[in-house]
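# Summary of structural features
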Amino acid sequence: MLVVPIEGMSCASCIGRVERAIAAVPGVRSVSVNLATQRAAVRFAGQPNAAAVVEAIVRAGYAVPTTVTDLAIEGMSCASCVGRVERALRAVPGVSEATVNLATGRARVAHLASLPPGSLEAAVSAAGYGAVRIGADAPAAQAERARSAERAEERGLRRDAIIAAVLALPLAVLEMGAHLSSAVHHVIDETIGIALSWKLQFLLAAAVMAWPGRRIQQAGWRALWRGAPDMNALVALGTSAAFAYSTVATFAPSLLPEGAQHVYFEAAAVIVALILFGRWLEARSRSRTSEAIRKLVSLQPPTARVLRDGEEREIPAEELVAGDIFLVRPGERLPADGEVIEGASFVDESMITGEPVPVPKHPGVRVSGGTVNGTGSLRVRATAVGADTVLARIVRMVEEAQAGKLPIQALVDRVTAWFVPAVLAIAAVTFLVWLVAGPEPSLTFALVNAVAVLIIACPCAMGLATPTSIMVATGRAGELGVLFRRGEALQSLASVAVMAFDKTGTLTEGRPEVTDLVVAPGEEEAAVLALAAAVEARSEHPIARAIVAAASARGLAVAEAERFESVPGFGAVAEVAGRRVAVGSARHLERLGIDPGPLAEAALLLARKGRTPLLVADGDRCVAAIAVADPVKPSAPAALSALRGMGLRIAMVTGDNRKAAEAIAESLGIVDVVAEVPPEGKVEAIAALRSGGRTVAFVGDGLNDAPVLASADVGLAVGTGTDVAIESAEVVLMSGDLRAVVTAVALSRATLRNIGQNLAWAFGYNAALIPVAAGVLWPFGGPLLSPIFAAAAMGLSSVFVVTNALRLRRFRPARATIGEVAR
């Protein structure tokens, strides 16, 4: 039974509405909703489907408290493990979605907030793996725990690989040396004898299997016992078969057919040693994939100097609390986010925004933790500490992106679901075919080739192909000031055909200035400007701030406005000293029933000059036209040129005046311009740009950009914009430099190429070498594949995938020219 808490029910009709919505979900057998407890008890005919129930309740107009839990998963070794853990988590009643990442060893689970504690860990444990819940600690603490776990795993694999190699080396000398050199064979035969040699090999191989190889054997046989074989099961079966056959040949040779008394102790031991060595190399490589996260976390200094009780004290940075006053000397990193209350300096914010030019800081200006102070001293009041800082949010965004799955991963998941069972079947068929139709000794050929099939298969490479590339790419993007909030955006952005931009604050500086003021006959400029400033003082729009700044520069007294109302995309209206004052576009005045009169022509002339005209109405009369100009960002021309060079179509979608928008567009070479549209009109404009099946991305920064950022195929928010816009976007550009858009597109394309290379290798490797291991080339004069070479190839396959993904760490941002983008 699935118990679902529901928010928003208030009466009996609510109960009926919710019950009908849930009852319509396929598979629901019965449903009972309790108004007093605000819960629904749902029984299913089969597997509970929490996601469908939650969706039905939300569609009915009610809310379901949900949360997300991160788990560190222990014991995963291949793509089959990923699928098994995901299925175990999704089977927990109340879980709506579960995503497991092999590269990070983490699971992200979306579930009902009422889910019993420990149920997720119990489900993972029942599937044969370990799970530890990751708390909401500061990023530094989380990173240190993750790093400690990585070091422990790497040390353990290194130790076991060395032990296995030391034990396997004399085995290889005794057996393979005797085969390769008649002199060695003669020495062994004359000194200890072949029988004693085989017994020594038995002891050494048994030590390898039981000591360093126990991690493979235990995991493999547990997986087989549960009926869910994985890569460990393949290796355990292959090495155990070789070891068991050799043991019979050594101690009970009469049980084997004539001519089939051979030993393969060295194969079993060397295979274990090679696989452990490959896993050690893989662990070393995988630890480097999270290097970007560790670099970001290390930006926070370990200590902070605070003023408490009038004294300066040095305390651990994690003990800072909001409201503390901390001191920053020249050259030091800031320990937390805050507001400068004393001092002036330049702060290097490149580690967060990607911009190399230091930013001036003075009292009243905000600063971010992890940035580097310049030559001045600062006194800062902490506004956000620990997990609430900008740096911590960046780390969380990168981790969330790394935890996600690209749509292309669905193909891998479908393949790996049957991959290991298919390999077991191929190995069984190989054994039977060689046993029945192979040359003598057929049993020997059957065993060797079946073991080679088991060992050569590499689901690890398939499981690592996508997540390792995502990890490295999103980490590198974070270092460059580009945050992919969702990993899926990496794939979507690579296929974008149209890049649409907002104008104000995105293509332009967002710091417009009043350039013209045309008043109606009989009106005074100062009085009209003061009225407009009174209304606009209540608005956060950049144009509004320009009008307020112009009034302040003239020293005008600005009255307090009342009953302020903002109409996004049109303008604002308020009462000033008992008079209704409206400021906005001509459309805004028309909506209010006010005739712009002769000033409409003045506004049109100003717009033709590339300026944004606003009309001011006092009561029912239009009294002035104000022109505001917003300069184009210096980075815009180079960025747009580079995007065109990458084959993208450029468009502008803005609520601004058409003439002003077209003037800016002409200066930037933009042909597609959609102007004078409200927020919902921007959404419609994006839908129109999609015609012909094109994928459209939108870049914006304002509050009224949130709907269009969410509706575009990919939304890119300029990080200097509003929090609402940033939360609505899939990609966040931490600086206002538009060349970061070029960087984001170039990196996404490089990542997709890298993933394609990894998948081509992983699938091609298995498709090509499994048949070779089965011996299909033998009838045509081709070679048979030794299990030892199969083990080496399998280990190196995973190392290749991870190493290829690490190449993305060397990605350099595309800058000013198209030629640089191409490189």
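Summary of the structure given here. A quick note: this is a predicted structure, and the numbers were derived from the prediction, not measured. (Residues numbered from 1 in each chain as written. Predicted model: local features only at pLDDT ≥ 70, side-chain atom pairs only at ≥ 80, totals over all residues. Heavy atoms only, no water.)

### Some details on the environment of Ala574
The following threshold applies: Secondary structure follows DSSP: runs of H or I at least 4 residues long count as helices, runs of E at least 2 residues long count as strands, and numbering of each begins at the N terminus. Buried, partly exposed and exposed residues are distinguished by accessible area as a fraction of the type maximum, computed with a 1.4 Å probe on protein chains only: under 20%, between the cut-offs, and over 50%, respectively. For this analysis, residues touch if any pair of their heavy atoms sits within 4.5 Å.
Position of Ala574 relative to the elements: it lies in strand 21 (residues 571-576). The buried category is assigned to Ala574, whose relative accessible area is 3%. Along the backbone, Ala574 and Ala532 are 42 residues apart, and their C-alpha atoms lie at a distance of 9.8 Å. Leaving out residues up to four positions away in the same chain, Ala574 has contacts with Val535, Ala561, Glu562, Arg563, Phe564, Arg579, Arg580 and Val581.

### Regarding the pairing of strand 2 (residues 28-34)
Here is the rule we go by: Each pair of strands is called paired provided DSSP finds at least two bridges between the two strands.
Direction of pairing for strand 2 relative to strand 3 (residues 39-44): antiparallel, over a ladder of six bridges. By the bridge assignment for strand 3, Ser30 is matched with Arg43. Two successive antiparallel strands, strand 2 and strand 3, enclose a turn made up of four residues, where Gln38 displays a positive phi of approximately 60°.

### Focus: the pattern of salt bridges
Convention followed: Only one rule defines a salt bridge in this text: a Lys or Arg side-chain nitrogen within 4 Å of an Asp or Glu carboxyl oxygen.
Overall, the coordinates contain 24 salt bridges when judged by the stated rule. A salt bridge links Asp160 to Arg159; the shortest N-O distance between them is 3.2 Å. According to the relative accessible area criterion, Arg159 is partly exposed, its value standing at 43%.

### Topic: the environment of Ser667
Short version of the rule: Whenever a nitrogen or oxygen atom comes within 3.5 Å of another N or O atom, the pair is scored as a polar contact, on the condition that within protein one atom can donate a hydrogen and the other can accept it, and that pairs from neighbouring residues in sequence are kept only if both atoms are in side chains.
Mapped onto the elements, Ser667 comes out in helix 24 (residues 658-668). For Ser667, a relative accessible area of 53% corresponds to the exposed category. C-alpha separation for the pair Ser667 and Gly610, spaced 57 residues apart in sequence, amounts to 9.6 Å. Here Ile664 takes part through its backbone oxygen, which lies 2.6 Å from a polar atom of the side chain of Ser667.

### A few points about the sheet that holds strand 3
Strand pairing in a sheet is mediated by backbone hydrogen bonds. Such pairs are either parallel or antiparallel. So the rule is basically this: Between the N-to-C directions of two axes lies an angle of 0 to 180 degrees, each axis being a line fitted to C-alpha atoms and, for a helix, fitted only over the stretch in contact.
Across the sheet, which stays open at both edges, the three strands sit in the order 1-3-2 with antiparallel pairing between neighbours. Looking at the sheet topology across the chains shown, the edges are occupied by strand 1 (2-5) and strand 2. Here the average twist between neighbouring strands, direction ignored, is 20°. Lying over the sheet, helix 2 (residues 50-59) contacts strand 1 and strand 3, oriented at roughly 35° with respect to strand 1.

### What about the packing of helix 9 (residues 231-251) against helix 15 (residues 442-456)?
Worth spelling out the cut-off: Angle categories: roughly parallel below 35 degrees, roughly antiparallel above 145, roughly perpendicular from 65 to 115, and oblique for all the rest. Left-handed describes a crossing in which the near helix is turned anticlockwise from the far one by less than a right angle; the clockwise case is right-handed. Three categories are distinguished: nonpolar for Ala, Val, Leu, Ile, Met, Phe, Trp, Tyr, Cys and Pro, charged for Asp, Glu, Lys and Arg, and polar for the others, with Gly belonging to the last.
Closest axis-to-axis distance for the helix 9/helix 15 pair is 8 Å, and the angle between their directions is 155°. Taken together, the axes of helix 9 and helix 15 lie roughly antiparallel to each other. In this structure, helix 9 crosses over helix 15, and the sense of that crossing is left-handed. For the pair formed by helix 9 and helix 15, the contact residues are Leu234, Val235, Leu237, Gly238, Ala241, Ala242 and Tyr245 on the first element and Leu443, Thr444, Leu447, Val451, Leu454 and Ile455 on the second. Here the contact of helix 9 with helix 15 is built from residues that sort into 11 nonpolar, two polar and no charged.

Everything listed here is a matter of coordinates, which is why it stays silent on function.
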